[in-house]
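Now for the letters of each chain:
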Amino acid sequence: MKKIAVIGSGTMGNGIAHVFAQNGFSVSLIDLSEDALQKALATIEKNLDRQIKKELISEKDKNNTLQNITTYTDTKEGVKEVELVVEAATENTDLKLKIFKDLDAICDPNTILASNTSSISITKIAASTSRSEKVIGMHFMNPVPVMKLVEVIRGYNTSDETTSTVMELSKTLGKVPVEVNDYPGFVANRILMPMINEAIYSLFEGVAGVEEIDTVMKLGMAHPMGPLQLADFIGLDVCLSILNVLYEGLGNQKYAPCPLLVNMVQAGHKGVKTGNGFYSWSHGTKDLIVADRFQK
């Protein structure tokens, strides 16, 4: 497998394109917006420069990586002759179903269709195509160039051949693939999101403040960052979406999103992406500053 396509050029999409291109794959990076594609290329170049600074790669490696990426706003043109498509669009079920239905119609019958979804059913996505045996989940972790894990999610009809191919492919990227079955939240988010939700409940119910909650988890549980800071990085809207998938899919009250999280997302406070969440991200420094609303 030498030629792949990535649908969506946001944080996850450009990271996935970066990793494939850096490992010698020819990558079609596809987005509806030319501006978004140019921003993605700038982000990839910035991240490559960071790798050079850390002496992880050379200037030649950077140039080769960038040369391996071609951008497209025309999906049909971008997926020509590719052997794998990785969808990395917004975590929205209807959008993903439409994308996979369209991909099924325009891609070669042998092309594997993968989704980077963090919680949406692969079986449901596969049902929108005529090739359910070739549909699989490839859930990369953010930031993609740094994090080693790839959750490989088998849908109900995903074939052994497709699973084996994607597992081996992930290893060629320097990743560690872990095969899981298709249930709400898979493994990573089924465990992570209730923890984040409980941290938000602890804040909501006045158990402790933002810094106190994160400090307990960092120093007491050896987490590299606290759950509230992590939620800001993931995106509070994404956290809410995943919790809703868990709640609706498993029908257990323990997955019900905290009302504070719901209100914050509705108010447009989505974390790093909007400059404001549990922390303030618009002050232009690396200092961790609690958002005004949560300061004592």
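Everything that follows concerns the structure shown earlier in this document.
The shown structure was predicted, so the numbers you read here are calculated from the model rather than taken from an experiment. Counting starts from 1 at the beginning of each chain's written sequence and moves along it residue by residue. It should be noted that, the model being predicted, local features are given only for residues of pLDDT at least 70 and side-chain atom pairs only at 80 or more, the latter also being counted only at that level, while totals for whole chains, interfaces and linings use all residues. For the side-chain quantities, the full set of heavy atoms in the structure was used; hydrogens and water were omitted.

Asker: For this particular structure, what's the right way to read helix 8 (residues 188-204)?
Answerer: Since one α-helical turn is 3.6 residues long, residues separated by three or four positions face the same way. Counted at 1.5 Å a residue, the expected span for helix 8 with its 17 residues is 24 Å, and the 24 Å between its end C-alpha atoms agrees. Regarding helix 8, the residues found buried are N189, M193, I196, N197, A199, I200, S202 and L203. Here, residues are in contact when the closest pair of their heavy atoms is within 4.5 Å. Put simply, DSSP H or I for four residues or longer makes a helix, DSSP E for two residues or longer makes a strand, and each gets a number counted from the N terminus. Tucked into the core, helix 8 has its buried residues touching strand 6 (135-140), helix 9 (210-221), helix 10 (227-234), helix 11 (236-250) and helix 12 (259-266). G206, located one to two residues past helix 8, shows a positive phi value of around 75 degrees. Between the first and last residue of a helix there are one fewer steps than residues, each counted as 1.5 Å, and that sum is the expected span. The buried label goes to any residue with under 20% of its type's maximum accessible area, the exposed label to any with over 50%, and the partly exposed label to all in between, with areas taken from a 1.4 Å probe on protein chains only.

Asker: Hey, could you run me through the sheet that holds strand 4 (residues 84-87) in this one?
Answerer: Sheets are built from strands paired through backbone hydrogen bonds, the pairs being either parallel or antiparallel. Should DSSP find at least two bridges between two strands, the strands are taken to pair. One open sheet accounts for eight strands, arranged 3-2-1-4-5-6-7-8; its pairing is mixed. The strands lining the two open edges of the sheet, one partner per strand, are strand 3 (69-72) and strand 8 (176-181). Neighbour-to-neighbour, the strand axes of this sheet turn through a mean angle of 25 degrees, independent of strand direction. Where strand 1 (residues 3-7) meets strand 2 (residues 26-30), five bridges bridge the pair, whose relative direction is parallel. Residue pairing for strand 2: I7 is matched across the bridge by I30. Note on geometry: axes are C-alpha line fits, over the in-contact stretch for helices, and angles between N-to-C directions span 0 to 180 degrees. Contacts from helix 5 (residues 93-106) reach strand 1, strand 4, strand 5 (112-115) and strand 6 within the one sheet, and its direction differs from that of strand 5 by about 170 degrees.

Asker: When you look at a nonpolar patch on the surface in this model, what are you seeing that I'm missing?
Answerer: By definition, no residue in a patch forms a salt bridge, and every one has over 30% relative accessible area; like charges are joined within 9 Å, nonpolar side chains (Val, Leu, Ile, Met, Phe, Trp, Tyr) within 5 Å. In short, Shrake-Rupley with a 1.4 Å probe defines the accessible areas, and a residue's cover is counted only from the protein chains shown. Throughout this description, the term salt bridge denotes a Lys or Arg side-chain nitrogen within 4 Å of a carboxyl oxygen of Asp or Glu. Taken together, the side chains of L149, V176 and V178 present a nonpolar region at the surface, about 210 Å² in accessible area. Among the structural elements, V178 can be located in strand 8. The exposure class of V178 is partly exposed, given its relative accessible area of 37%.

Asker: Help me understand a positive patch on the surface, please; the structure alone is not making it clear to me.
Answerer: Together, K46, R50, K53, K54 and K286 make up a positively charged patch on the protein surface. In this structure R50 comes out as partly exposed when scored by relative accessible area, which is 40%. Charge assignment in this entry is limited to Lys and Arg as positive and Asp and Glu as negative, and neither His nor the chain termini are counted. Taken as the charge centre is NZ of Lys, CZ of Arg, CG of Asp or CD of Glu, depending on the residue.

Asker: How should I be thinking about the pairing of strand 6 in this particular structure?
Answerer: The two faces of a sheet get side chains in turn, since along a regular strand they alternate between them. Burial within strand 6 is extensive, with six of its six residues counted as buried. The alternating pattern of strand 6 places V135, G137 and H139 on one face and I136, M138 and F140 on the opposite face, and all of these are buried. Here strand 5 pairs with strand 6 via three bridges, running parallel. Pairing of L113 across the sheet is with V135, part of strand 6.

Asker: Is there a simple way to explain the nonpolar core in this structure?
Answerer: Across soluble globular proteins, you tend to see nonpolar side chains buried next to one another. Counting 32 residues, the largest nonpolar core has V6, I16, F20, V27, L84, M138 and F140 as the members making the most contacts within it. No other element matches helix 1 (residues 11-22), which puts six residues into this core. Core analysis: the next-biggest nonpolar cluster, separate from the first, contains 26 residues, I196, I213, I242 and V290 among them. Take the buried Ala, Val, Leu, Ile, Met, Phe, Trp, Tyr and Cys residues and link them wherever side-chain atoms come within 4.5 Å; each set so joined is a nonpolar core.

Asker: Just checking my understanding: could you explain the pattern of salt bridges for this structure?
Answerer: Side chains that differ in charge, positive against negative, can pair when their charged atoms come close. For the coordinates displayed, the defined rule picks out twelve salt bridges. Close ionic contact of K62 with D49 constitutes a salt bridge, the shortest N to O distance being 2.8 Å. Here K62 is found in helix 3 (residues 59-67), whereas its partner D49 is found in helix 2 (residues 34-53), with 13 residues between them in sequence. For K62, a relative accessible area of 7% gives the class buried. Exposure remark for D49: the relative accessible area of 34% places this residue in the partly exposed category. In this structure, E168 engages K171 in a salt bridge whose closest nitrogen and oxygen atoms are separated by 3.3 Å. Placement of the pair is E168 and K171 together in helix 7 (residues 160-172), with a separation of three residues, close to one helical turn. You can call E168 partly exposed: its relative accessible area is 44%. Where salt bridges share partners, they join E45, D49, E59 and K62 into one cluster.

Asker: Would you mind showing me how to read the pairing of strand 7 (residues 149-154) here?
Answerer: In terms of burial, strand 7 is largely enclosed, as five of its six residues are buried. Both strand 6 and strand 7 contribute to a ladder of five bridges, which runs antiparallel. From the neighbouring strand, M138 faces strand 7, where its bridge partner is V152. The pairing of strand 7 with strand 8 spans six bridges and is parallel. Bridging from a neighbouring strand, I153 pairs with V180 of strand 8. Viewed with both strands pointing away, a crossover whose connecting path from the first strand over the helix to the second turns clockwise is right-handed. Remark: the strand 7/helix 7/strand 8 crossover connection has right-handed handedness.

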